[in-house]
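Residues per chain are reported as follows:
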Amino acid sequence: MSDSQVEGAASTSGLGSRKRRWTELLAGRVKRQMYSPGTEQKLQESAVHLLRRHLNLNDLLLEVEGAPRKTLCLNQLIDPEACTNLSSSLIGSALRDQASRLGVPVAVLSSRMVASSITQICVSDGEPSHRVLLSAEQRKKLSSLLEVARYLLAHSMFSRFSLCQQLWEVQGSLLLEVVWQLHIQNVVSFQELLESHADTQATVAWLFRNLCLLCEEMEASLYSDIASAMLSDLVQMFVLRGFQKNSDLRRNAEPEQMGQLACVVLQRMLIFALEALAAGMQDGSPQHKVVKCWFGVFCGRTYDRMISTDSPKRFFSHTLTQVLTHKPVLRVSDAVQMQKEWSFAKTHPLLTGLYRRLFTMLSPEELVGHLQEVLETHEVNWRHVLSCVSTLVICLPEAQQLVKDWVARLLARAFENCDLDSMVTAFLVVRQAALEGPSVFPSYADWFQASFGSSRGSHCCSKKTLVFLFKFLSDLVPFEAPRYMQAHILHPPLVPSKYRSLLTDYVTLAKTRLADLKVSLENMGLYEDLSSARDVTEPHSQAHQDVEKAIAVFEHTGRIPSAVMEASIFRRPYYTAHFLPALLTPRVLPKTPDPRAALIESLRRADKIPLSLYSAYCQACSTAEEKKPESAAPGTKVEAVCAEGPLGPLAAALRELRAAMTDPTQYDVVAARVAVVSERLDAALGRAEEDGSSGGSQVQLSVLTPGLEQQEREVADLLLTCFCQNLIVASGFASPDRQGPWASRLATAMCGRRLLPVVLTRLCQLLRHQGPSLSASHVLGLAALVVHLAQSRSVLPEVPVGLPAPAEGLSVAEFLSSLLTFRTSETSLFCLKFCTAVISYSLCKYSSLSRDTLCGCLSPALVKKFQFIILRLFPEARDPLCPEDTADPPWRPLCRPSADWQQAALCLWKQRTFRELLKEKEFHLTYRDWLRLELEIQPEVDCLSDTERWDFQQWALHEYFLPKPSAAGGCDGDLQVACAVLVDVLIDFRQSSRSYNYSENSDLVLSGCPGNRDIFSRLQEMAAGLEQGPAAPRSCSPPQGHFLFGVFRRRLQALASGWDVAARLQRQRELLVYKWILLGLPPSVVVGRPQAGRPAAPDCTEFFHLVNSELRNFSHGSALTHDLTVHFFRGLLNACSQSGDPSLTADLVLTACQTECPLVLTSALLWWPRLEPELRSRWRRCLQGPLPQELQRLWEAQRFGRRP
């Protein structure tokens, strides 16, 4: 070390030993600081660094400012209270002044001041760790602070980046609403704040935590509108930034980072919701609140402002993919076993609600295509996929056919390439869709039979495809439900004979599996529905249903059902162990044997009931008769208690449906509620609802004595009451065309195989037997139900109503129309109300649709009945109509408590749309239709008096139908045609009088057929009018017979020929009606008028032919009956009275009888003692001469025969 250095060091050491003052130190440092151009800039940067690092800005400012002065201090600005009392310009001026003193940029100082104030606001109301929303006081302070911030920003005195950095340093105290307020007040945007944080994972964690808290607070908060707006804005920002098209992204890191951040946050929220659902969260729990709220953001209203972009659609597609592929841990075998638990009604409502919302952004075609793409390219969660399929076919009717087409393509691909994945997908999708019922998708049994039961199936291409099919079915056997194996066995695939062993091997395997499951084909019910995907019904439970079905069939046919006879031979174990015990359940026997007793007796006579079993049954019934007073009441009470249980959930589901229908645009919500109703019906009816289509079957029910079990009646009443009440409520705020799909969906739910007979039976009780006592609301509700059932006629079964049942029954719509009768004044007025309601509802509901659609919803029979009753009851309706009324159909007036039904009916009659509808040929009220309806009237209880009824019938016959063109249902002015049609209808009526309409009082003669005598009187009048015309002139052509015999001849030719008992009885009934008509008409019908100008014999050819070919088979011994014989001779005397030579005419006719119809003369000899007095008296009175020669011969022959 040099000497100089040592000296300096010593000197320095010496100075350090003496204590110097602060001013000396500063003075010495100033002297040592040399000025340079960059010194000032460095000093300013050091001050800024010091401010940013100092945590307590208040202390720093107090230290720099010294003692308080009268001027505004910066620490006052940090206090949020000060911001509310000071103007923004004053605060800006103070900040600029303080920044100048400190030598720091005013923007940095302002941002630090705002951040510090925000922190104070967030912590001013307690710990913010479990909150995201501000209190009212906090919101007020923040509003004032942000007003200052906007002023500073507008005057370039504020740094957004600096504020973001400061806020992230205090993120633990930062409330989400503050961030949102900064965004909507245009201080700092969401994107700017989130992108300023370098730690993306920390940002995602902070957002996820706050979003969960926001969703949890949503319902309970007093500021739910603010919370909803916050969530909506956040989700919109995430979707817009995370799901832009690649071409829209700028080529820098920040947008890419923001997009990734948005996708991660959305995905994390979805995964949290799906895992919470899988864990089985409880309603009302915090997790449930979060999931419910988060799924609500998929509502379309959230994205209204983004409709011009494709981001929401891409987001929804991405979300659907995530749901379908979330945790794909279930194997195909698990799905085969468990898929019945994944139906729409059994899936969590939050998940089905999510599906419905996701469906809103995609068309049905896009949805099915997306499902197909996901299944082909991803491992999937089968529970989510199949529940999505159920929701798809339930909520989007357009998707049902698309799913069928998709399945067909899958099958084609599977057999073309032996693709097992396509085969698995097809079977799982079909079985899942079939779980939702016949109104949604064909049953599995029907689909399997249609796909593999004919040579058109893809499986018939080669041996390879057959092996592939049966290998697949065999692999399913260990896992699938017995119902599917039974469908495969009873509806097997079509297999060429040389490959029959493949089918045999599979059937053996399936039967072995069924035996292991203790399910036997032999124990299947007689009428069991294989289309159901439910669990197998216990044999004894199915047996009771088979008994009811067999009784209904027996009641309609009068014969033991073929299914019962076959079971007694080929399925003996089930027949003896289950069916007979169910049929022979002990009971109190009725005094008059009912259908059950008649069936039992028929089986006993056919030796189909063992004597020991029948004796035990009779003994048990005798015991039940003795104990009747003690056991009747408790049994009823127990049944009522049992029936009360399952109706609670059904009633709750119906209430939820009523709540959902207040928004007609929410089709998917209504569909979901109806699906739940269908599911609850299963429990309410005591068994699972079959999902098979019922197009090929018939509904068996008794129209005269419709009966239901107590539980069935309660279910039907609950459904019908709900439908009526819902309709009245809905009509209070919207017309039928704006009420949405709830009515059609609920009506469709009533069309299952098990429920439809129950509903139709109850409707039969109400419309046919209790109609006049129904209230107006019931009339309106049931009328609307009839319209919607008519709309579904293509998928509904037929209803046989005759005895015996016709080969083809009535459609459900026609059957319901046939329940409306006019027999009494009360039923006529009810029919007027009901028809008015049905037609008005149809016109309002489908006025905007095509004419074909409108016609399809109305039964032609019902429209004709409306025309008939309104013309009958209102004379003013018979007058020519003025220009048609353009007013709306009278539906809304009918919904009022003080509705005038007659005025509404007349209003509908004049309504323009209805008048146009009547121009359709199927709705023409023809002469034949009018006669059929008028024949139903019972004159003694008619609402018209005798005079009014005569006036109406005369007007209808001679002024309305007689001059009307035949193309419009009239007679073209031909009185003979009118008479012929009347005779034809009269015979049909007499023949149908033993059907359900009049079976109680019918007979083989006229007595007991109400309404006949008036219409028959009109026939007599018209027939007399025909007789009053001029006599036929001379002609070389043979005379034409009477029109009546033409009707008889045509009908006899149409009857079935044969000598079996049924054919002979039918012919006998027909001929007895002919005889009754002949006796009621003038005798001149039998013996025609002689031709003018020559003494020729009257034409009796038609009558002789009828006697020889038909009436001789029903003669009295070897002769005609007395009444018919007398009628012939009265006709003979009438013809003689109009002839120029009466004696010659009589001789010619009787001579012709000897050769053409000797049975007439034989009959005259038999009845001569009763016939002679009338003949002699009439001849002397009218012709004043001796009896003709041939009559004298008859008298002599009779005397000769009486000699001993």
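Residues numbered from 1 in each chain as written. Predicted model: local features only at pLDDT ≥ 70, side-chain atom pairs only at ≥ 80, totals over all residues. Heavy atoms only, no water.

Caption draft 1: Summary view of the overall build of the protein chain. The number of helices and strands found in the protein chain is 57 helices and zero strands. By the burial criterion, 49% of the 1204 residues in the protein chain qualify as buried. Accessible surface, the protein chain as shown: approximately 56400 Å² in total, 53% of it carbon and sulfur. (Helix = DSSP H or I, 4+ residues; strand = E, 2+ residues; numbered from the N terminus. Buried < 20%, exposed > 50% of the residue type's maximum accessible area, 1.4 Å probe, protein only. Areas by Shrake-Rupley, 256 points an atom, 1.4 Å probe, with all protein chains shown as cover.)

Caption draft 2: Helix α54 (residues 1142–1156), seen in detail. Its 15 residues place the ends of α54 21 Å apart at the C-alpha level, agreeing with the 21 Å of an ideal helix rising 1.5 Å per residue. The set of residues buried in α54 consists of Pro 1142, Thr 1145, Ala 1146, Asp 1147, Val 1149, Leu 1150, Ala 1152 and Cys 1153. (Expected span 1.5 Å × (residues − 1).)

Caption draft 3: The arrangement of the packing of aromatic side chains in detail. Tallying each qualifying case throughout the model produces 42 aromatic pairs. With a centroid separation of 6.2 Å and an interplanar angle of 70°, the aromatic rings of Phe 415 and Phe 452 are classed as edge-to-face. In this pair, Phe 415 sits in helix α22 (residues 397–417) while Phe 452 sits in helix α24 (residues 444–452), placing the two residues 37 residues apart along the sequence. Across the pair, Phe 452 and Phe 415 agree in class, each one buried. With a centroid separation of 4.7 Å and an interplanar angle of 85°, the aromatic rings of Tyr 960 and Phe 961 are classed as edge-to-face. (Phe/Tyr/Trp six-rings, centres within 6.5 Å; stacked < 30°, edge-to-face > 60°.)

Caption draft 4: Quick look at the nonpolar core. Counting 174 residues, the largest nonpolar core has Phe 834, Tyr 927, Ile 1077 and Phe 1129 as its most contacted members. A per-element tally of this core places helix α40 (residues 825–845) first, with eleven residues. The contacts of Phe 1129, once residues within four sequence positions are left out, are Leu 1150, Val 1160, Ala 1164, Leu 1171, Leu 1175, Leu 1191 and Leu 1194. One finds Val 132, Leu 193, Ala 276 and Ile 489 within the second-largest nonpolar core, a separate group that totals 158 residues. (Core = buried A, V, L, I, M, F, W, Y, C linked by side-chain atoms within 4.5 Å. Contact = heavy atoms within 4.5 Å.)

Caption draft 5: Structural detail: the pattern of salt bridges. A full pass over the atoms with the stated rule returns 35 salt bridges. A salt bridge links Glu 366 to Lys 313; the shortest N-O distance between them is 2.7 Å. You can see Glu 366 sitting in helix α20 (residues 364–377) and its partner Lys 313 sitting in helix α17 (residues 311–324), a full 53 residues away along the chain. The salt bridge involving Asp 942 is made with Arg 872; its shortest N-O contact spans 2.8 Å. One end of the pair, Asp 942, is in the loop between α46 (927–935) and α47 (946–961); the other, Arg 872, is in helix α42 (residues 860–873), and 70 residues separate them in sequence. Considered together, Asp 942 and Arg 872 belong to a single accessibility category, that of buried residues. One network of salt bridges, in which partners are shared, links Arg 872, Glu 934, Asp 942, Asp 946, Arg 949 and Asp 1014. (Salt bridge = Lys/Arg side-chain N within 4 Å of Asp/Glu carboxyl O.)

Caption draft 6: Expanded view of α46. Counting buried residues along α46, seven of its nine residues qualify, which places the element largely inside the surrounding structure. Inspection of α46 places Tyr 927, Asp 929, Trp 930, Leu 931, Leu 933, Glu 934 and Leu 935 among the buried residues, and these make up the whole buried set.

Caption draft 7: The arrangement of the packing of helix α50 (residues 1043–1054) against helix α52 (residues 1101–1109) in detail. Interaxial distance between α50 and α52 falls to 10 Å at its minimum, and their mutual angle equals 35°. Two packed elements cross with a definite hand, and for α50 against α52 that hand is left-handed. For the pair α50 and α52, contact is made by Phe 1045, Phe 1048, Arg 1049 and Leu 1052 and by Glu 1102, Phe 1103 and Leu 1106, respectively. Of the residues assigned to the contact of α50 with α52, the class counts are five nonpolar, no polar and two charged. (Axes fitted to C-alpha atoms, helices over the stretch in contact; angles between N-to-C directions. Left-handed = near helix turned anticlockwise from the far one by under 90°. Nonpolar A, V, L, I, M, F, W, Y, C, P; charged D, E, K, R; others polar.)

Caption draft 8: Up close: the environment of His 197. Mapping His 197 onto the fold places it in the loop between α12 (190–195) and α13 (200–217). On the accessibility criterion, His 197 (15% relative accessible area) is buried. Residues His 197 and Cys 164, 33 residues apart in the sequence, show an inter-C-alpha distance of 8.0 Å. Excluding residues that lie within four positions of it along the chain, His 197 makes contacts with Trp 168, Gln 171, Ala 202, Thr 203 and Gln 257.

Caption draft 9: Structural view of the packing of α24 against helix α26 (residues 482–490). For the pair α24 and α26, the least separation of the axes is 10 Å and the interaxial angle reads 35°. Here α24 runs over α26; the crossing is right-handed. Between α24, through Tyr 444, Ala 445 and Phe 448, and α26, the contact on the second element is made entirely by Tyr 484, Ala 487 and His 488. Considering only residue class, the contact of α24 with α26 consists of five nonpolar, one polar and no charged.

Caption draft 10: View of unusual backbone geometry. One non-glycine residue, Lys 327, adopts positive backbone phi at about 50°. With respect to the helices and strands, Lys 327 occurs in the loop between α17 and α18 (332–338). On the basis of relative accessibility, which here comes to 47%, the residue Lys 327 falls in the partly exposed class. The phi dihedral of Cys 418 is positive, around 50°, even though this residue is not glycine.

Caption draft 11: Spatial organisation of the environment of Asn 1108. You can see Asn 1108 is positioned in helix α52. Judged by relative accessible area, Asn 1108 falls into the partly exposed class, the value being 28%. Excluding anything up to four places from it in sequence, Asn 1108 contacts Glu 1156 and Cys 1157.

Caption draft 12: The arrangement of the confidence of the model for the protein chain in detail. Per-residue pLDDT for the protein chain averages 79, and the proportion of residues at 70 or more is 79%. Segment residues 1032–1039 is flagged for pLDDT under 50; beyond a separation of four residues in sequence, or across chains, it makes nine contacts in the model. (pLDDT = per-residue confidence, 0-100.)

Caption draft 13: Up close: the side chain of Ser 1084. For Ser 1084, the position within the fold is in the loop between α51 (1061–1080) and α52. Apart from the residues lying within four places of it in its own chain, the contact partners of Ser 1084 are Glu 1027, Gly 1131 and Asn 1134.

Caption draft 14: Expanded view of the environment of Ile 609. Topologically, Ile 609 is positioned in the loop between α31 (595–605) and α32 (611–626). Classification of Ile 609 by relative accessible area gives buried; the value is 5%. The contact partners of Ile 609, leaving out residues within four places of it in the chain, are Leu 580, Leu 584, Ile 600, Leu 603, Arg 604 and Tyr 614.

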